[in-house]
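Read off the chains here:
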Number of protein chains: 2
Amino acid sequence: MTGPAIQIDAAEVERLVLELGAIGAWGGTGVWRPVYTPAWVAAADRFAAWCGEAGLAVHRDAVGNVWGRLDGREGGDAIVSGSHLDTQCPGGRYDGALGAIAALLAVRALKERFGLPKRPLDVLALCEEEGSRFPTAGFWGSSAIVGRVGPAEADTMVGSGGETMAEAMRAIGLDPARIAEARRTDIAAFVELHIEQGPILEQAGLPVAIVDAITGMRHTEIVLTGVANHAGAFPMDLRQDPMAGFAEIAAGVVATAHRMGRPAVTTVGRVAVDPNAPAIIPRAVTFTIDARHPDPAARDRLYALHDGLIREVAARRGLGVESRVLFDHPPCPSEPDLVALLERGAAAQGVPTLRMASGAAHDTQQMAAVARRVAMVFVRSRDGRSHTPEEFSSVADMVAGIRVLAAGLYALAYEP
Amino acid sequence: MTGPAIQIDAAEVERLVLELGAIGAWGGTGVWRPVYTPAWVAAADRFAAWCGEAGLAVHRDAVGNVWGRLDGREGGDAIVSGSHLDTQCPGGRYDGALGAIAALLAVRALKERFGLPKRPLDVLALCEEEGSRFPTAGFWGSSAIVGRVGPAEADTMVGSGGETMAEAMRAIGLDPARIAEARRTDIAAFVELHIEQGPILEQAGLPVAIVDAITGMRHTEIVLTGVANHAGAFPMDLRQDPMAGFAEIAAGVVATAHRMGRPAVTTVGRVAVDPNAPAIIPRAVTFTIDARHPDPAARDRLYALHDGLIREVAARRGLGVESRVLFDHPPCPSEPDLVALLERGAAAQGVPTLRMASGAAHDTQQMAAVARRVAMVFVRSRDGRSHTPEEFSSVADMVAGIRVLAAGLYALAYEP
């Protein structure tokens, strides 16, 4: 039940992280590796080579995801682990990359020590999780695996340079007409290791967390419309000032999430003012609200409080309000037995963990559409940073995370 | 003491407003007439021609202000009235233009009915009050008259197309080396008629106001700096979110001015967010605060409340704060006897008025550096609009305002 101790070579972890991070290196510690660019192709090639060297059967699917298979003696649906190779522009060495490397090193260690598993074990390197080249294509690789990419999408999706997804695919020898072939239905479990991207593990003084849910998340764009007027000649009591309304709403939604307590979060990140001049009461303020909660009932409460505040402020101030939901992802709970299994595995490896929700979105929530069981393993991030060249996780923490992952994969693939 | 009734021809007011508004016309009712452009030159020429037709001695000074003089039998310092011919881009037909037309029609009416005054009467059309071509040159024409333009300013001041003020002057035959010659020191009184640009007269149901002060006004640019982080993975209680700080400050300063009551006004008009993305807690928010009050003590209180709030919010939220005063104009009180004189004149003309502060800045506050007595007459603005093609004042209201102005000029120039 507790499982055998599994050793992971720290020097090897560091070597692979640095070698992969050198492909698309940006400045000192940054990485600039958007999907289907030469840097991304080189990273996928390197990863495929590593899988081959580890004795895995390498397969590239129709969108360029790299699969490395260790066959199972009894066949059946696969146990899969991995993450994405694409980065933010610029991102760091750990976000995504570490999860692919971790899967490879975990499966390699299991194979070397225990030989073939009962059930097939797949290492997976996904593509365009970040949407850093194709902003509307987040989770592109995992969406293709679960069959969620529509037939015309590659022709209509436009990248940061104006190119379509189909053009970008063809440029590196992928055929967009074959995207549907990337679909997989034979996945029993998917476990993704990822950096935490927040400060919770650091605050708790722990190296690893088991993720019990990925948060639900809604992006809303609000347009508040008032009446533009002279900043000096128009008395306060007669204004219809969308900036004043925006300020009240932004302060209010942030305070609401803060009051609700962890893991509720609400962020106002983007603002546009029209006109945007010191001495003019603006006509309109457009802004986004990013609100997240992993618990369905609490999430509904959070969203309702935000919506109610927007309506109340707009009505009281005589402002027009248009509200558009840009997207709304439901929470993705991990499978409770798999969470417990990973916790037992961590205990067997002597790695202290906590249980937490992921406030960020991940490929795992796509994979959950096919995989019967999903969960994630988080590794401590220094200062909680991510999506920046400054992101960093220590080798010791990465080793601890990979040992927990390996223990989980052992239980899933090798045990009865 | 009550003065003679003075008639102003309503059709003539409308004719001059429409003819001047046709020069640089923009869309249906807009005007686009920045200083020293062909439209502005044509408007100044037309105005000079009107002055000549009215029997005034026309003079263009070194920066292009148009003066039309009616000599005084006893000489001495001049009684001056006028406003500016340049507009916002686009502005309307009334802001500025009406004050120049009003001065011309008032002096013309006085000359026709009463002949030469005791003291000289000057009609004045000023230039670049708005700063709509040279953003840092607000009050250019009146600044030159009071000797406030430095010797190198025309060479360093840059217009919206990259040209210097000196180049723009030379292009229409003005010599920037002679700017100092525009200076006048022989001005006894300056009275400017202008549209209100706010809704106070409309609310009160009155056509005309006598302005007892031009507000004091400070523009401050604030930079709040926090730590950029992932909008999902970073808990509310650990954030240093400059957007949350900005929202609290913006809502607070607006509420402070509202609570203080008229004529206090505070506006947050310009905001820049870095980065400006829905799912990132920003690193920095830069914004302006425009705060105004015509009473020196109340103004100091208003500014101190704003500054205190900014410090308190930044400290509590762990944000860096940089604050830069872009400019700080003291209030400009009208001369109380001149305000009373204009009110008596209005009463004699049967024009009901109220007394109010100007929340907008005007050439009058520059002219006050030379003129011993200054005051303004406001004409009702429909919906309080200005700096837009939609600004509008009725012919009846304009006539009422010009009669009040004429009564004032009569008392200043004709009476003992």
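Residues numbered from 1 in each chain as written. Chains lettered and ligands numbered in written order. Predicted model: local features only at pLDDT ≥ 70, side-chain atom pairs only at ≥ 80, totals over all residues. Heavy atoms only, no water.

Chemist: Is there a simple way to explain the overall build of chain A in this structure?
Modeler: When helices and strands are counted, chain A shows 12 helices and 18 strands. What you see for chain A is a C-alpha radius of gyration of 23 Å, in line with the 22 Å of a compact globule of 416 residues. For the C-alpha atoms alone, the extent of chain A along its principal axes is close to 80 × 45 × 40 Å. Put simply, of all contacts in chain A between residues at least 6 apart along the chain, 79% involve residues at least 24 apart. As displayed, chain A has an accessible area near 14600 Å², and 52% of this comes from carbon and sulfur atoms. Treating the 39 positive side-chain charges of chain A as one cloud and the 49 negative ones as another, the clouds have centres 3 Å apart. (Helix = DSSP H or I, 4+ residues; strand = E, 2+ residues; numbered from the N terminus. Rg over C-alpha atoms; globule rule 2.2 N^0.38 Å. Contact = heavy atoms within 4.5 Å. Areas by Shrake-Rupley, 256 points an atom, 1.4 Å probe, with all protein chains shown as cover. Lys, Arg positive; Asp, Glu negative; His and termini not counted. Charge placed at Lys NZ, Arg CZ, Asp CG, Glu CD.)

Chemist: Teacher, can you tell me more about the UniProt feature "binding site: Zn(2+) 2" (unreviewed entry) in chain A here?
Modeler: Residue and element names in this part refer to chain A. In this structure's numbering, the residues bearing the UniProt feature "binding site: Zn(2+) 2" (unreviewed entry) are Asp95, Glu130 and His387. A compact arrangement is adopted by the annotated residues: their sequence extent is 293 residues, whereas the largest C-alpha distance between any two is 9.7 Å. Note on placement: Asp95 falls in the loop between strand E5 (78-84) and helix H3 (97-114). The contacts of Asp95, once residues within four sequence positions are left out, are His84, Asp86, Glu130, His194, Ile195, Gln197, His387 and Glu391. Side-chain polar atoms of Asp95 contact the side chain of His84, separated by 3.3 Å. (UniProt positions renumbered as here; feature names shortened; annotations may be inferred. Polar contact = N/O pair within 3.5 Å; in protein donor to acceptor, adjacent residues only side chain to side chain.)

Chemist: Can you walk me through the relation of the copies chain A and chain B in this structure?
Modeler: Copy one and copy two of the chain differ by a rotation about an axis and a translation along that axis. Between the two copies, chain A and chain B, the superposition gives an RMSD of 0.1 Å; the rotation angle is 180° and the shift along the axis is 0.0 Å. On this basis, the relationship between the two copies can be described by a two-fold rotation axis. Taking the C-alpha atom as reference, chain A places A:Ala247 closest to the rotation axis, 2.2 Å from it. Of the interface residues in chain A, 98% have counterparts in chain B that sit at the interface too, so the contact is made through matching surfaces. (Least-squares fit on C-alpha atoms with pLDDT ≥ 70 in both.)

Chemist: Help me understand the domain arrangement of chain A, please; the structure alone is not making it clear to me.
Modeler: You'll often see interface size given as the accessible area lost when the parts meet. All names here are of chain A. For chain A, the assigned domains read domain 1 (10-214 + 331-413) and domain 2 (216-329). Distance between the C-alpha centres of domain 1 and domain 2: 35 Å. With 11 residues of domain 1 in contact, the opposing surface of domain 2 contributes 10 residues. Together, the buried faces of domain 1 and domain 2 total about 660 Å²; carbon and sulfur atoms form 60% of this surface. Summed over the shared surface of domain 1 and domain 2, the number is 0 salt bridges. Our count for the contact surface shared by domain 1 and domain 2 stands at 2 residue pairs in polar contact (both at pLDDT 80 or more). Contributions of two or more residues to the side of domain 1 that touches domain 2 are made by helix H7 (200-204) and strand E8 (208-214). Its residues assigned to classes, the side of domain 1 that touches domain 2 shows 8 nonpolar, 3 polar and no charged. (Domains from an automatic or database assignment. Buried area = accessible area lost by both parts, 1.4 Å probe. Salt bridge = Lys/Arg side-chain N within 4 Å of Asp/Glu carboxyl O. Nonpolar A, V, L, I, M, F, W, Y, C, P; charged D, E, K, R; others polar.)

Chemist: Would you explain the state of the cysteines in this entry?
Modeler: As used in these notes, a disulfide is a covalent bond between sulfur atoms, one from each of two cysteines. Residues and elements named next belong to chain B. Here the structure, examined in full by the defined rule, presents 0 disulfides over all chains. Free of any disulfide, Cys127 has its nearest neighbouring cysteine sulfur in Cys89, separated by 14 Å. The exposure class assigned to Cys127 is buried, which follows from its relative accessible area of 0%. (Disulfide = S-S within 2.5 Å. Buried < 20%, exposed > 50% of the residue type's maximum accessible area, 1.4 Å probe, protein only.)

Chemist: Any chance you could explain the packing of aromatic side chains here in plain terms?
Modeler: The description of an aromatic ring pair uses the distance of the two centres, along with the angle that the planes make with each other. According to the stated counting rule, one finds 17 aromatic pairs over all chains in the structure shown. Note on A:Tyr94 and A:Phe392: the rings are 5.9 Å apart at their centroids and 80° apart in plane angle, and the pair reads as edge-to-face. In this pair, A:Tyr94 is assigned in the loop between E5 and H3 and A:Phe392 in the loop between strand E18 (373-379) and helix H12 (395-413), connecting sequence segments 298 residues apart. Owing to a relative accessible area of 30%, A:Phe392 belongs among the partly exposed residues under this scheme. Note on A:Tyr410 and A:Tyr414: the rings are 5.2 Å apart at their centroids and 15° apart in plane angle, and the pair reads as stacked. For the pair formed by A:Tyr410 and A:Tyr414, the shared burial category is buried. Grouping aromatic residues by their ring pairs yields a cluster made of A:Phe246, A:Phe287, B:Phe246 and B:Phe287. One Lys or Arg, A:Arg184, reaches over the ring of A:Trp67 and ends 4.3 Å from the middle of that ring. In this structure, B:Arg218 is placed above the aromatic ring of B:Tyr303, and the distance from its NZ or CZ to the ring centre is 4.3 Å. (Phe/Tyr/Trp six-rings, centres within 6.5 Å; stacked < 30°, edge-to-face > 60°. Lys NZ or Arg CZ within 6 Å of the ring centre and 35° of its normal.)

Chemist: Teacher, can you tell me more about the packing of helix H3 (residues 97-114) of chain B against helix H12 (residues 395-413) of chain B here?
Modeler: Each pair of packed helices gets described by two things: the angle between the helix axes and the distance between those axes. All names here are of chain B. As a packed pair, H3 and H12 sit with axes 9 Å apart at the nearest point and diverge in direction by 55°. As far as their axial angle goes, H12 and H3 are oblique. The handedness of the crossing between H3 and H12 is right-handed. Along the contact surface, H3 presents Leu98, Ala102, Ala103, Leu105, Ala106, Val107, Leu110 and Phe114, while H12 presents Met398, Ile402, Leu405, Ala406, Leu409 and Tyr410. For the contact of H3 with H12, the per-class residue count stands at 14 nonpolar, no polar and no charged. (Axes fitted to C-alpha atoms, helices over the stretch in contact; angles between N-to-C directions. Parallel < 35°, antiparallel > 145°, perpendicular 65-115°, else oblique. Left-handed = near helix turned anticlockwise from the far one by under 90°.)

Chemist: What am I meant to see in the interface of chain A and chain B here?
Modeler: Across the boundary between the two partners, chain A contributes 58 residues, which contact 57 residues of chain B. Each partner contributes to the roughly 4400 Å² buried at the junction of chain A and chain B, and carbon and sulfur atoms together form 63% of this total. If you sort the residues of chain A by the area they bury against chain B, A:His230, A:Met236 and A:Pro278 come out on top, with a joint share of 15%. One can count 2 salt bridges joining chain A with chain B. Across the salt bridge formed by A:Arg262 and B:Asp237, the nearest N and O atoms sit 2.8 Å from each other. At the boundary of chain A and chain B, one finds 10 residue pairs in polar contact (both at pLDDT 80 or more). The set of elements that each furnish at least two residues to the side of chain A that touches chain B consists of H7, strand E10 (229-230), helix H8 (242-260), strand E11 (265-267), strand E12 (271-274), strand E13 (280-281) and strand E14 (284-293) of chain A.

Chemist: Looking at this structure, how should I read the pairing of strand E6 (residues 121-126) of chain B?
Modeler: Working note: regular strand, side chains alternate between the two faces of the sheet. Residues and elements named next belong to chain B. Among the 6 residues in E6, 6 count as buried, and that is most of the element. As paired strands, strand E4 (residues 66-70) and E6 are joined by 5 bridges and run antiparallel to one another. For Trp67, the partnering residue across the bridge sits in E6 and is Leu124. When strand E5 (residues 78-84) meets E6, the two strands line up parallel, connected through 6 bridges. (Pairing = 2+ DSSP bridges.)

Chemist: Explanation requested: the environment of B:Gly216 in the structure shown.
Modeler: Residue and element names in this part refer to chain B. By the secondary structure assignment, Gly216 is in strand E9 (residues 216-225). Residues Gly216 and Ala152 lie 64 residues apart in sequence; the distance between their C-alpha atoms is 28 Å. Among residues more than four places away in sequence, those in contact with Gly216 are Ala291, Arg292, His293, Pro294, Arg299, Tyr303, His329, Pro330 and Pro331.

Chemist: I would appreciate a short explanation of the side chain of A:Glu391 in the present structure.
Modeler: Residues and elements named next belong to chain A. Secondary-structure assignment places Glu391 in the loop between E18 and H12. Despite its burial, Glu391 pairs with no opposite charge, the nearest such side chain being Arg33 at 8.5 Å. A distance of 3.1 Å separates a polar atom in the side chain of Glu391 from the backbone nitrogen of His387. With residues near it in sequence (within four places) discarded, Glu391 still touches Gly92, Arg93, Tyr94, Asp95, Ile195, Arg385 and Ser386.

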